[in-house]
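# A look at the structure
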Amino acid sequence: MEMTILQGIAIFAAGFTLGIVGLFSAIKQGQICANGIAGIGAGYDVFGKSMVLAVFPELYAIVAFAATFLIATGLQ
């Protein structure tokens, strides 16, 4: 099966978008975890709260991955 230029552009755009979303998700997740570590170091009991809050940026990366998978599946 031969790929058209439109399919190539769609695959590139989906992959690029996934990369950008993954990058920003990782940065925000790192900031949340770093603040949790600083809070624990200051003597606060925030371990559980920090772990719960660190999951939310990861959700955006998972949704972007799912969307990229659906785009790739729809192009076949």
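Quantities reported herein were computed from a predicted structural model and do not represent experimental measurements.

### Comments concerning the overall build of the chain
For the chain, the helix and strand inventory stands at two helices and zero strands. Expected size for 76 residues packed as a compact globule is a radius of gyration near 11 Å; at 18 Å, the chain overshoots this value by more than 25%. Among the 76 residues that make up the chain, the fraction classed as buried is 14%. Sequence separation of at least 24 residues holds for 68% of the intrachain contacts in the chain that already meet a minimum separation of 6.

### Notes on the packing of helix α1 (residues 5-41) against helix α2 (residues 47-74)
Two numbers describe how α1 lies on α2: the axes approach to 9 Å, and their chain directions differ by 175°. The angle between the axes of α1 and α2 places the two elements in the roughly antiparallel class. Taken together, the residues of α2 that come into contact with α1 (itself represented by A10, A14, L18, V21, S25, K28, Q29, I32, C33, G36 and I40) are F47, S50, L53, A54, P57, E58, Y60, A61, A64, F65, T68 and I71. Residues that form the contact of α1 with α2 fall into these classes: 16 nonpolar, five polar and two charged.

Rules behind the numbers
- Residues numbered from 1 in each chain as written.
- Predicted model: local features only at pLDDT ≥ 70, side-chain atom pairs only at ≥ 80, totals over all residues.
- Heavy atoms only, no water.
- Helix = DSSP H or I, 4+ residues; strand = E, 2+ residues; numbered from the N terminus.
- Rg over C-alpha atoms; globule rule 2.2 N^0.38 Å.
- Buried < 20%, exposed > 50% of the residue type's maximum accessible area, 1.4 Å probe, protein only.
- Contact = heavy atoms within 4.5 Å.
- Axes fitted to C-alpha atoms, helices over the stretch in contact; angles between N-to-C directions.
- Parallel < 35°, antiparallel > 145°, perpendicular 65-115°, else oblique.
- Nonpolar A, V, L, I, M, F, W, Y, C, P; charged D, E, K, R; others polar.

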